[in-house]
Amino acid sequence: MPVLRPSLLHLAALLVCALAAPAFAAEPVAKAPPPIADFFDNSVFSDAELSPNGKSLAVRFSNDNKRDRLIVIDLASNATKVVAQFDDRDVNAFQWVNNERLVLNSTDKTIGQGDVVSGPGLFAVNRDGTNFRQLVHVNWAALQQHSVTRITLPPNHYLVRQKGAQASDDVYVINPQRDGIRENGDIKYVNLIRLNTVTGRTETVNRPGPAQGWLLDHKGEPRLCITLEKNIQTIWYRDPSNNEWRTLASFDAYAGDEDAFTPLAFGPDGTLYVRSDAGKDKQALHTFDLVNKRISAEPLVSLTDYDFNGSLVTSGEKLLGVRYLSDARATVWFDSKMKTLQASIDAALPSTVNLVKPAARPDSPWVLVQSYSDRQPAYYALYNSETGKFTGVGGTHERIVPANMAERELVRVAARDGLPLPAWLTLPNTGSVGKDKRKNLPMVVLVHGGPYVRGGEWGWSADSQFLASRGYAVLEPEFRGSTGFGNKHYKAGWKQWGLKMQDDIADATRWAIAQGIADPKRICIAGASYGGYATLMGLANDPALYKCGINWVGVTDINLLYTGHWSFASDMTAGYLKYGAPILIGDPDKDAAQLRATSPLQQAARITQPLLLAYGAADKRVPLYHGKKFRDAVTATNPNVEWVVYQEEGHGWALPKNRIDFWGRVEKFLGRHIGTP
């Protein structure tokens, strides 16, 4: 069992959520399900980061459900200091500039997207709370009032979350330049600006073209620039010998060219690491020859069943290892000391994934450990490599009792055409009753959004755990088109909205029935965004399979993504709609018949099952008219439709009150239509 260092127990009290015993210790199973708020409230503790030398720890937390603030703990003296807090805003992202200084931006967690009238701003402060200054304004009115007396950037400047050397007072910010008015319009190019956090002075980096992204090297110098002209993406390299830009590669940004690669990071020795499939099915981690402009023949890290997705772990001037995602997150260590350290931590915490985060340039024995499992939300602790002892810092979703949570596993299902389909299965925790009782259950088929993203991973999920706590089996298919499982799986989903992608979801559902997991008469399909679209198409295509449906912020007609509406503009770029969407989703002219046949709006009369629809009035990804048009169409023939609009919300629920209200509605809706055991 991990041991908390006694001298830091007062820190646990200060942070509220640090534990006197490990979060993953066994506790008795509760008789009543946890309250909805335990799953969907904002967490008291939300992040922690070691200083570059490992002697201080910065922590973001709130106390008594007040504003999130930033504190710094000196790990030698245990002294704590609140270094940043606002009366009307919350501390949001933060990072160390160097050992003495931090930079942070802000948000307002009390308002939804529709009420946001300001940006995140940017602020800097010393670790002892001194020399606090504003670097970027949060709104234009404040800039006009103070621009004469202070060197402060306009609100359209945003922190670059790349740490670099962390050895000066400088950070980088980006400044997107848009077509049209200030807050709307597509991004024409993105400027990169070096910003001194003490003086506020800036220096704009020369860009080789219409930049869309930048990559710093290990020393914090701009080294790569990614430009986009129409559908052609070009990767530029800034040669350190003369600081001139030269082209490394160009390819179609949307069509998935065989020679395409994604820059990941620069190692301490200047090596460029990239993600590429190198002509194979799965992407792997490769090095890139900057002189000969080619990808290494052999990968550094490759996975049998997954595309590589991860990051480098460095300390000082050494590449220690690589973090990656397979079913869960893990680390391959190249450094022998880190291998030994990981083994010691895993031996002490055998039931969790333990991600070890060393300091950038350590001058202390502390490392930060993030631990989690399918039943345990993320928990942070400090580990002293000299004493072998843990010090609890804090955990997200602090009221969740891991022993009461459900198990989550990745299963493999065969689609009707033979394509392997990964799917996440979460079964209710039956406690002492036994696993044999987890048969013939009411089930929710939870469809992920995107759709061209990976849906899930092994870990704690609020949505699936909440449903499981109410007695439902939860199945989350990684249907074709989902990323992370290879090119074949991804490209098999192109132009398959409502077709083979939909068949995959139905095939996974039938697999759960055949396994005896799901009661065939008590299955509901649910999802958000694309998942909402798939919910509606599932009800239309397979009316005997799904008893009810829950769609929130879901697309209801593919053509509406293209044509829009005079009263509201979508936030999808003109470039994506012109070059990307016709390849991935369908061409509005060439595929017009298919898009009509796979439109929930056009098929609304076929949907007769009970339906819960929820939308955000300020949604810019799937504007509210998607929901309204479909509601009007489906209620003409279906009297069992529940409708809710959250006026201040966008593409999802930012406010705890709305998350709690929505999932309360879901609980009642499911209880009425497929019941609980």
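The structure we're discussing is the one just above.
What you are looking at is a predicted structure, and each value in this text was computed from that prediction instead of being measured.

### What to know about the sheet that holds strand β25 (residues 366-372)
What the four strands build is an open sheet, ordered β24-β25-β26-β27; its pairing is antiparallel. Looking at which strands have only one partner, the edges of the open sheet turn out to be β24 (353-357) and β27 (389-395). Pairwise comparison of adjacent strand axes, ignoring direction, gives a mean angle of 25 degrees for this sheet. Judged from the five bridges that link them, β24 and β25 form a sheet pairing that is antiparallel. Looking across to β25, one finds that Lys 357 is bridged to Leu 368.

### Some details on the pattern of salt bridges
Per the stated rule, a full pass over the model turns up 31 salt bridges. Notably, a salt bridge pairs Asp 503 with Arg 416, separated by 3.7 Å at the nearest N-O pair. With Asp 503 in helix α7 (residues 500-514) and Arg 416 in the loop between β28 (407-414) and β29 (420-427), this residue pair connects regions lying 87 residues apart in the sequence. Overall, Arg 416 belongs to the exposed group, its relative accessible area being 53%. Salt bridges linked by common partners bring Glu 642, Asp 661, Arg 665 and Arg 672 together as one network.

### A closer look at the nonpolar core
Trp 497, Tyr 546 and Phe 630 are the most contacted members of the largest nonpolar core, which totals 60 residues. Per element, the largest residue contribution to this core is seven residues, and it comes from helix α8 (residues 530-541). Setting aside its immediate chain neighbours within four residues, Tyr 546 contacts Val 445, Ile 505, Ala 506, Thr 509, Ile 523, Ile 525, Gly 538, Leu 539 and Gln 609. If you look at the next biggest cluster of nonpolar residues, it comprises 31 residues, including Leu 446, Ala 528, Trp 552 and Val 666.

### Observations concerning the packing of α7 against α8
Across the interface, α7 lies against α8 with an axial gap of 10 Å and an inter-helix angle of 75 degrees. By the angle class used here, α7 and α8 are roughly perpendicular. Between α7 and α8, the contacting residues are Met 501, Gln 502 and Ile 505 on the first element and Tyr 530, Ala 534, Met 537, Gly 538 and Asn 541 on the second. Classifying every residue of the contact of α7 with α8 by side-chain character gives five nonpolar, three polar and no charged.

### What to know about the pairing of strand β6 (residues 101-107)
Buried residues dominate β6, accounting for six of its seven residues. Strand direction decides the pairing type here: strand β5 (residues 90-96) and β6, joined by five bridges, are antiparallel. If you follow Val 91 over to β6, its bridge partner there is Ser 106. Counting the residues that bridge the hairpin from β5 to β6 gives four residues.

### Considerations on the packing of helix α5 (residues 462-469) against helix α13 (residues 656-673)
When two helices pack together, their arrangement is given by the angle between the helix axes and the distance between those axes. Closest axis-to-axis distance for the α5/α13 pair is 11 Å, and the angle between their directions is 40 degrees. Accordingly, the angle class assigned to the pair α5 and α13 is oblique. As α5 runs across α13, the sense of the crossing is right-handed. Between α5, through Asp 463, Phe 466 and Leu 467, and α13, the contact on the second element is made entirely by Trp 663, Val 666, Glu 667 and Leu 670. A breakdown of the residues in the contact of α5 with α13 according to their chemical character gives five nonpolar, no polar and two charged.

### Digging into the packing of aromatic side chains
Counted according to the given criterion, the structure contains 30 aromatic pairs. One aromatic cluster is present, formed by Phe 39, Phe 40, Trp 460, Phe 466, Trp 552, Tyr 646, Trp 653, Phe 662 and Trp 663 through successive ring pairs. Note that Arg 69 overlies the ring of Phe 61, its terminal NZ or CZ placed 5.8 Å from the centroid. The ring of Tyr 189 carries the charged tip of Arg 207 above its face, separated from the ring centre by 3.6 Å.

Quick notes on the rules
Residues numbered from 1 in each chain as written. Predicted model: local features only at pLDDT ≥ 70, side-chain atom pairs only at ≥ 80, totals over all residues. Heavy atoms only, no water. Pairing = 2+ DSSP bridges. Helix = DSSP H or I, 4+ residues; strand = E, 2+ residues; numbered from the N terminus. Axes fitted to C-alpha atoms, helices over the stretch in contact; angles between N-to-C directions. Salt bridge = Lys/Arg side-chain N within 4 Å of Asp/Glu carboxyl O. Buried < 20%, exposed > 50% of the residue type's maximum accessible area, 1.4 Å probe, protein only. Core = buried A, V, L, I, M, F, W, Y, C linked by side-chain atoms within 4.5 Å. Contact = heavy atoms within 4.5 Å. Parallel < 35°, antiparallel > 145°, perpendicular 65-115°, else oblique. Nonpolar A, V, L, I, M, F, W, Y, C, P; charged D, E, K, R; others polar. Left-handed = near helix turned anticlockwise from the far one by under 90°. Phe/Tyr/Trp six-rings, centres within 6.5 Å; stacked < 30°, edge-to-face > 60°. Lys NZ or Arg CZ within 6 Å of the ring centre and 35° of its normal.

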